Amino acid sequence: MRVLVISDIHANLTALNSVIDVAGDFDAVWCLGDLVGYGPDPNECVETVRSLPNLVCVLGNHDSAVIGETETESFNPEARLAIEWTIETMTEENREFLQALPKRVVKDDVTIVHGSPRDPVQEYLLDSYTATLSFSYFESPYGFFGHTHVPTIFHLNQGYADLYLPEIDVKFDMQARLLVNPGSVGQPRDRDPRAAFAIYNSLEDTWHFRRIEYDIPAVQDRMRAANLPERHVLRLKEGW
């Protein structure tokens, strides 16, 4: 099965559509959370994701804040402003979709979360120590996560998680046990502004990291029209 793996769309419809356009044929879509937040297109992104085939989607921390499960005070002031705008903008139907999202899904050989297997919504997997602890909280060969906006591989090797920053556009042969992050569709933070995603082939047991350019100025224009924080507008161009 060829699976399109996406995460951290953050209400960026232009980036999401570009990813879908270049991904090629896929049998299913696994979304690792944060469909909304920061960007100008929350309803359009939720509706697009909802329409994708054989969808598996989990709850992200921004999704959680929009539906009232996470206190907005836990976010920095600019992120909080974007969340408050999103709350006012979301349709009830799309809000109900977010409310129904699970925090953790086990699909075939993969545990799917937004943050980490230990704390599926909130915890960041940024270092080998935290990742090592997280391997104790799932049993499947692979764990897919998002939240950090950085393409990452953690490999459990003799009880410790080795960290790799993968090459782009190179297929990676999977090997148990792994925690893998496809990066962010809508707001990359690895100094590469291109939308990030991955293709997981469960038959070949491979993971293919991908990047694609998209029309960033068009998204920035919509953000400014919505009076979203300028810092979030500027960071799209630089990928930080």
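Above this text sits the structure in question.
What you see is a predicted model; the values in this text were computed from it and never measured.

## Details of unusual backbone geometry
- Ala-176 connects to Arg-177 through a cis peptide bond whose omega is -5°.
- By the element assignment, Arg-177 lies in the loop between strand E9 (171–173) and strand E10 (178–181).
- Of note, His-10 is a non-glycine position whose phi angle comes to about 50°, a positive value.
- Within the secondary structure, His-10 is located in the loop between strand E1 (2–6) and helix H1 (13–22).
- With a relative accessible area of 1%, His-10 lands in the buried category.
- Phi is positive for Asn-227, which is not a glycine, with a value near 60°.
- Of note, Asn-227 is situated in the loop between helix H7 (216–225) and helix H8 (230–238).

## Quick notes on the sheet that holds strand E5 (residues 110–112)
- Spatial strand order, E4-E5-E6-E10-E7-E8: six strands in an open sheet with mixed pairing. Only two strands of the sheet have a single partner each, and these edge strands are strand E4 (105–107) and strand E8 (160–164). Strand-to-strand twist of the sheet, defined as the mean angle between neighbouring strand axes without regard to direction, takes the value 20°.

## Comments concerning H7
- Among the residues of H7, those classed as buried are Ile-216, Val-219, Gln-220 and Met-223. Mapping the buried residues of H7 onto a view down its axis gives an arc of 100°, with all of them on the same face. Counted as exposed and oriented over 90 degrees from the buried face of H7: Asp-221 and Ala-225.
- Tucked into the core, H7 has its buried residues touching H1 and H8.
- The opening residue of H7 is Asp-215, an N-cap whose side-chain oxygen sits 3.3 Å from the backbone nitrogen of Ala-218.
- Just beyond H7, the residue with positive phi is Asn-227, at close to 60°.

## Here we look at the nonpolar core
- By size, the foremost hydrophobic cluster in this structure holds 47 residues, and its most contacted members are Leu-4, Ile-6, Ile-9, Leu-16, Leu-35 and Leu-98.
- At five residues, H1 tops the list of elements feeding residues into this core.
- For Ile-6, the contacting residues outside a window of four places in its chain are Leu-16, Val-19, Val-29, Trp-30, Cys-31, Leu-32, Val-185 and Phe-197.
- Counting 20 residues, the second-largest nonpolar core is a separate cluster that includes Val-3, Ala-28, Val-56 and Trp-207.

Criteria and thresholds
- Residues numbered from 1 in each chain as written.
- Predicted model: local features only at pLDDT ≥ 70, side-chain atom pairs only at ≥ 80, totals over all residues.
- Heavy atoms only, no water.
- Helix = DSSP H or I, 4+ residues; strand = E, 2+ residues; numbered from the N terminus.
- Buried < 20%, exposed > 50% of the residue type's maximum accessible area, 1.4 Å probe, protein only.
- Pairing = 2+ DSSP bridges.
- Axes fitted to C-alpha atoms, helices over the stretch in contact; angles between N-to-C directions.
- Arc of directions from axis to C-beta.
- Contact = heavy atoms within 4.5 Å.
- Polar contact = N/O pair within 3.5 Å; in protein donor to acceptor, adjacent residues only side chain to side chain.
- Core = buried A, V, L, I, M, F, W, Y, C linked by side-chain atoms within 4.5 Å.

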